[in-house]
Amino acid sequence: MTVSSSIPSPVTRFAPSPTGLLHLGHAYSALVASRLGHGYILRIDDIDHTRCRPEFTSEICRDLEFLGLPWRGDPIFQSHRLDAYADALASLRARDLVYPCFLTRTELAEVLSAPQEAPVATDSAISASEAHRRSKQGVAPAWRLRTAAALDLVGDLTWRDLRGGVNRPVEMTVHGDVVLARRDIGTSYHLSVVVDDSLDGVTLVTRGADLEDSTHIHRLLQALLNLPSPAYFHHDLVRDTAGSRLAKRHDAQSIQHLREAGQSAEDIITSLPPAPDSLPFGLDF
Ligand code: GLU
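Thresholds, definitions, all that
- Residues numbered from 1 in each chain as written.
- Predicted model: local features only at pLDDT ≥ 70, side-chain atom pairs only at ≥ 80, totals over all residues.
- Heavy atoms only, no water.
- Axes fitted to C-alpha atoms, helices over the stretch in contact; angles between N-to-C directions.
- Helix = DSSP H or I, 4+ residues; strand = E, 2+ residues; numbered from the N terminus.
- Parallel < 35°, antiparallel > 145°, perpendicular 65-115°, else oblique.
- Left-handed = near helix turned anticlockwise from the far one by under 90°.
- Contact = heavy atoms within 4.5 Å.
- Nonpolar A, V, L, I, M, F, W, Y, C, P; charged D, E, K, R; others polar.
- Buried < 20%, exposed > 50% of the residue type's maximum accessible area, 1.4 Å probe, protein only.
- Pairing = 2+ DSSP bridges.
- Right-handed = clockwise from strand over helix to strand, strands pointing away.
- Near = heavy atom within 4 Å.
- Polar contact = N/O pair within 3.5 Å; in protein donor to acceptor, adjacent residues only side chain to side chain.
- Areas by Shrake-Rupley, 256 points an atom, 1.4 Å probe, with all protein chains shown as cover.

Caption draft 1: Quick peek at the packing of helix α3 (residues 82-94) against helix α7 (residues 189-199). Running from amino to carboxyl end, α3 crosses α7 at an angle of 110 degrees, the nearest separation of the two axes being 9 Å. Taken together, the axes of α3 and α7 are roughly perpendicular relative to one another. Between α3 and α7 lies a crossing of right-handed hand. Packed against α3, whose contacting residues are A84, Y85, A88, L89 and L92, the element α7 presents L191, S192, V195, D196 and L199 at the interface. Looking at side-chain class alone, the contact of α3 with α7 contains 8 nonpolar, 1 polar and 1 charged residues.

Caption draft 2: Fine view of the packing of helix α6 (residues 147-154) against helix α8 (residues 212-225). Viewed as axis vectors pointing N to C, α6 and α8 meet at an angle of 60 degrees, and their least axial separation amounts to 10 Å. Every pair of crossing elements has a handedness; the one defined by α6 and α8 is left-handed. Between α6, through A150, L151, L153 and V154, and α8, the contact on the second element is made entirely by L220, A223 and L224.

Caption draft 3: Broad picture of the pairing of strand β10 (residues 231-235). In terms of burial, β10 is a largely internal element, 5 of the 5 residues being buried. By the alternation rule, side chains of β10 split into A231, F233 and H235 and Y232 and H234, which are all buried. Pairing geometry for strand β9 (residues 204-208) and β10, over 5 bridges, is parallel. In the sheet register, R207 faces β10, and the bridge partner there is H234. With α8 bridging β9 and its parallel neighbour β10, the resulting β-α-β unit is right-handed.

Caption draft 4: Structural view of the site of the ligand. Near the ligand the following residues occur: R13, A15, S17, D45, Y189, V193, R207 and L211. A15 is positioned such that a nitrogen or oxygen atom in its backbone is 2.7 Å from a nitrogen atom of the ligand. Here an oxygen atom of the ligand and a side-chain polar atom of R207 are 2.8 Å apart. Against a free-state accessible area of 300 Å², the protein chains account for coverage of 79% of the ligand. Looking at the shell around the ligand residue by residue, the classes come out as 4 nonpolar, 1 polar and 3 charged.

Caption draft 5: Representation of the pairing of strand β2 (residues 41-44). Of the two faces of β2, the one carrying I41 and R43 and the one carrying L42 and I44 are both buried. Of the strand pairs in this sheet, strand β1 (residues 13-14) and β2 are connected by 2 bridges, and their pairing is parallel. Bridge pairing in β2 places F14 opposite L42. Taking the sense of rotation as the criterion, the β-α-β connection linking β1, helix α1 (residues 24-37) and β2 turns out right-handed. Looking at chain direction, β2 and strand β3 (residues 72-77) are connected through 3 bridges and run parallel.

In structure tokens:
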């Protein structure tokens, strides 16, 4: 069953990180967002200043225009929204739903590699006095979610999977006490994304199947932060002829390279898997 076009289009977004050129996998994500949303919001996920570069943002915009996939309004930049992410973190801190993690990379690797039945609370890996000493020395902590406490607080939760047409129960076992704020940037992909999708009024998140696991975290954060929960459509990943997932580092698959090699936008779009142009299940299933 598909939903008739008289129903208003969902608000979708395409959210590339400007850490490299736009490649075929991104083009497919943008195509799915554009078809299902009849246009989309372009959000530049540029919080990680160690990896993002403004010149990639310009290239991404140029390639999307070349492909005939224009976005609606002005692009939105995560780097302009650090205060909103800090407010969300402060709200979780005020309710003791996050804890500071002072472990070094090596200590963390040791803790996480030890056999364990349930995800560890990494704050118990060093003593409170050692954590205090590091804090006094000016070591910035990462902030981790108290996942068990958070799940207790919100009770049973589901997210709407429009690919499968079901409400999926939130499952956090593999994630453990996920980092919500990195020590170097004060936020994380997970925290930023739920704040953004709410600020932007996104009603349908379209993104690759590689991010499906993260949706469980996002749904939990929406419940904790009292934010609306969009529906989700995780599309198949674009693969090369050998069946491997395309990687950003393969510049031969970049739109820029294909354009310079003489391919037209139409050649590129038709080389992608067909994108759905209507939702297999309505937003209100
Ligand atoms: N910025 C993420 C990426 O490039 C996508 C974020 C999302 O769609 O939630 O992989």
